[in-house]
Amino acid sequence: MKNPFKYGSRVSGGAFFDREKIMRDMMGVLDGGNNVVLYGPRRYGKSSLVGEVMSRLRARGWVCAELNMMDVVSLEDFVTQYARVLYREAAPVVGALRHIAGLFRRVSPKIGIDDEGKPELKFEISSRKAGVAALRDVLELPVKICPAGRTLVVLDEFQEVESLGLGAQFERTMRSVIQNHEDISYVFLGSKTHMLERMFASPSRPFYNSAQKFVLSRPPEDESRRFVIERFRSVGIKMPEELAARVVSLAGNVPYYVQAVSSWAYNSVVGGRARTIRAADVEEAFLSLYATETILMESVFASRPESQRLLMRALAREPTARFDEEYRDRHSLPSTSTVNTALRRLVKESIVELRDGAYALSDPLLAYHLSSRG
Ligand SMILES: Nc1ncnc2c1ncn2[C@@H]1O[C@H](COP(=O)(O)OP(=O)(O)OP(=O)(O)O)[C@@H](O)[C@H]1O
Ligand SMILES: [Mg+2]
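Reading the values: the criteria
- Residues numbered from 1 in each chain as written.
- Chains lettered and ligands numbered in written order.
- Predicted model: local features only at pLDDT ≥ 70, side-chain atom pairs only at ≥ 80, totals over all residues.
- Heavy atoms only, no water.
- Near = heavy atom within 4 Å.
- Polar contact = N/O pair within 3.5 Å; in protein donor to acceptor, adjacent residues only side chain to side chain.
- Areas by Shrake-Rupley, 256 points an atom, 1.4 Å probe, with all protein chains shown as cover.
- Helix = DSSP H or I, 4+ residues; strand = E, 2+ residues; numbered from the N terminus.
- Nonpolar A, V, L, I, M, F, W, Y, C, P; charged D, E, K, R; others polar.
- Domains from an automatic or database assignment.
- Expected span 1.5 Å × (residues − 1).
- Bend = angle between axes of the 7 residues up to and from the residue.
- Pairing = 2+ DSSP bridges.
- Axes fitted to C-alpha atoms, helices over the stretch in contact; angles between N-to-C directions.
- Salt bridge = Lys/Arg side-chain N within 4 Å of Asp/Glu carboxyl O.
- Buried < 20%, exposed > 50% of the residue type's maximum accessible area, 1.4 Å probe, protein only.
- Parallel < 35°, antiparallel > 145°, perpendicular 65-115°, else oblique.
- Contact = heavy atoms within 4.5 Å.
- Core = buried A, V, L, I, M, F, W, Y, C linked by side-chain atoms within 4.5 Å.
- Phe/Tyr/Trp six-rings, centres within 6.5 Å; stacked < 30°, edge-to-face > 60°.
- Lys NZ or Arg CZ within 6 Å of the ring centre and 35° of its normal.

Looking at the site of ligand 1
Surveying the vicinity of ligand 1 reveals 21 residues, the closest of which are Lys6, Ser9, Arg42, Lys46 and Ser48. A distance of 3.0 Å separates an oxygen atom of ligand 1 from a polar atom in the backbone of glycine 8. Here arginine 43 contributes a backbone N or O atom positioned 3.2 Å from an oxygen atom of ligand 1. Within the complex, the protein chains bury 94% of what would otherwise be the 630 Å² of accessible surface of ligand 1. Where the shell around ligand 1 is concerned, the elements lending two or more residues are α2 (46-59) and α9 (255-270). Per-class residue counts for the shell around ligand 1 are eight nonpolar, seven polar and six charged. Looking at the shell around ligand 1, you find at least three residues from each of domain 1 (19-215) and domain 2 (219-303).

So this is what it looks like as structure tokens:
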């Protein structure tokens, strides 16, 4: 029997639930030839959602290529990796290497050997000074190598372009090239909401108004509960309704944590003969998960300035809509203006969010970490 819960990497198929409406809306926008920017807090399922959209579009004959900007360390690296993923996706459709050889002035394909000793196509930039010119070349590549029909290019953690060292030039160049790409749609996504928002919503930035915005929120709670129950059922384990609700609540209904708590609960019964999850299994599962994340939570907390730390601790213990004097006294918070500044910062960085009308920590484990200690 295999653990039916998966967390950490992208999920698809049976491990993926809900998100139908946002996927339909997003595909409608892409179908219309427009671009999408998707943001949402960490671990809500952005990459999985876009992965699912790509597989649906591939089934309709689209070429879909994807690059995670977290894996890109420099402009040269972007140019070669971008060429590689596009080629990999388009090659089976367009045929052979000769279709792209010679298309470049500055980036040339070379046959190399991969880690397993198999031939692999690599790309090299012919001139070290190629810079923005090579960037332009490679950004035009989808038009040149992708067949007639539709193409989707996905750039995950897109805000990381800011660290490539080109400043606004990357954004300017990319915008000016891709705005002429009629048959190619782009999805930009990432978890650093404030950075993406600045890029796509400030009139002074090149990407201003260039993509339809989508924000990923938590799934409906009943969908999460149903998912937990069904996945346990698929391996012959009974998960009582009220305990599924407890899992979802402990997990703050964040998809990653829903799967992680469930996975630990599965581990606790799988060795024995019991075929029904008990309340104690769920509580233990949460604590086991918490134990693996404590150091991370502490480092998130410790990295913030004092006023933010005080506010985080207060919100972990008591989410609130208003920071009146009583609340500030109760939690030993500083003046209103200091609290407001700290709040703005924490909201911008998705550490705090407005949920059901009250400010609360976005991460349920961080909330537990800060409320459970003295
Ligand atoms: N639709 C879904 N159905 C079930 N589980 C999901 C879904 N979306 C996400 N998850 C769970 O959350 C985990 C993280 O998903 P994913 O990597 O897609 O999130 P993300 O928002 O891109 O995260 P990050 O901000 O870390 O990049 C998955 O491994 C899975 O356990
Ligand atoms: Mg992701």
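Picking up after the structure, the text goes on.
With respect to helix α4 (residues 131-145)
Over its 15 residues, α4 extends 22 Å from the first C-alpha to the last, a length consistent with the 21 Å expected when each residue adds 1.5 Å. Maximal helix bending in α4 amounts to about 30 degrees, located at leucine 139; proline proline 142 follows within four positions.

As for the sheet that holds strand β7 (residues 212-215)
Within the open sheet, the five strands sit side by side as β2-β5-β6-β1-β7. Their pairing is parallel. Two strands close off the open sheet at either side, each with one partner strand: β2 (63-68) and β7. Here the average twist between neighbouring strands, direction ignored, is 15 degrees. In this structure, strand β5 (residues 151-156) lies alongside strand β6 (residues 184-190), joined through five bridges in parallel fashion. Following the sheet pairing, leucine 155 is matched in β6 by phenylalanine 188.

Some words on the pattern of salt bridges
Proximity of charged atoms lets side chains of opposite charge pair with each other. A complete count under the given rule lists 22 salt bridges for this structure. Note that glutamate 89 is salt-bridged to arginine 58, the shortest N-O span being 3.4 Å. Taken together, the positions of glutamate 89 in helix α3 (residues 75-94) and arginine 58 in helix α2 put the pair 31 residues apart, joining distant regions of the chain. Arginine 225 is the partner of glutamate 241 in a salt bridge, and the nearest nitrogen-oxygen pair spans 3.8 Å. Of this pair, glutamate 241 sits in helix α8 (residues 241-250) while arginine 225 sits in helix α7 (residues 221-234), and the two are 16 residues apart along the sequence. A relative accessible area of 22% places arginine 225 in the partly exposed class. Here the salt bridges do not stand alone but share partners, grouping Glu20, Glu52 and Arg56 into one network.

Section: the packing of helix α11 (residues 306-317) against helix α13 (residues 336-348)
The interhelical angle for the contact between α11 and α13, taken along N-to-C directions, is 80 degrees, at an axis separation of 9 Å. Here α13 runs roughly perpendicular to α11, going by the angle between their axes. Residues Ser307, Gln308, Leu311, Met312 and Leu315 of α11 form the contact with α13, whose own contacting residues are Thr338, Val339, Ala342, Leu343, Arg345 and Leu346. Looking at the contact of α11 with α13 residue by residue, the classes come out as seven nonpolar, three polar and one charged.

What to know about the nonpolar core
Core analysis: the largest hydrophobic core is formed by 75 residues, its most contacted members being Leu38, Leu152, Phe232, Met239, Ile277, Leu311 and Leu361. Look past the residues within four positions of isoleucine 277 in its chain and what remains in contact with it is Phe232, Ile237, Lys238, Met239, Pro240, Leu243, Ala265, Val269 and Val282. Leu67, Val153, Met199 and Phe200 belong to the second largest nonpolar core, which has 43 residues in total.

Describing the packing of aromatic side chains
Summed over all chains, the structure comprises 18 aromatic pairs. For the pair phenylalanine 5 and phenylalanine 227, a centre-to-centre distance of 6.3 Å together with 80 degrees between the ring planes defines the contact as edge-to-face. Residue phenylalanine 5 is located in the segment before α1 (20-31), and its partner phenylalanine 227 is located in helix α7; the two are separated by 222 residues in the primary sequence. Assessed through its relative accessible area of 5%, phenylalanine 5 is described here as buried. Plain terms: the ring middles of phenylalanine 323 and tyrosine 327 are 5.6 Å apart, the flat faces sit at 85 degrees to each other, and that makes the pair edge-to-face. Pair check on accessibility: phenylalanine 323 and tyrosine 327 agree, each one buried. For the cation-ring pair, arginine 43 lies above tyrosine 256, with the distance from its terminal atom to the ring centre recorded as 3.9 Å.

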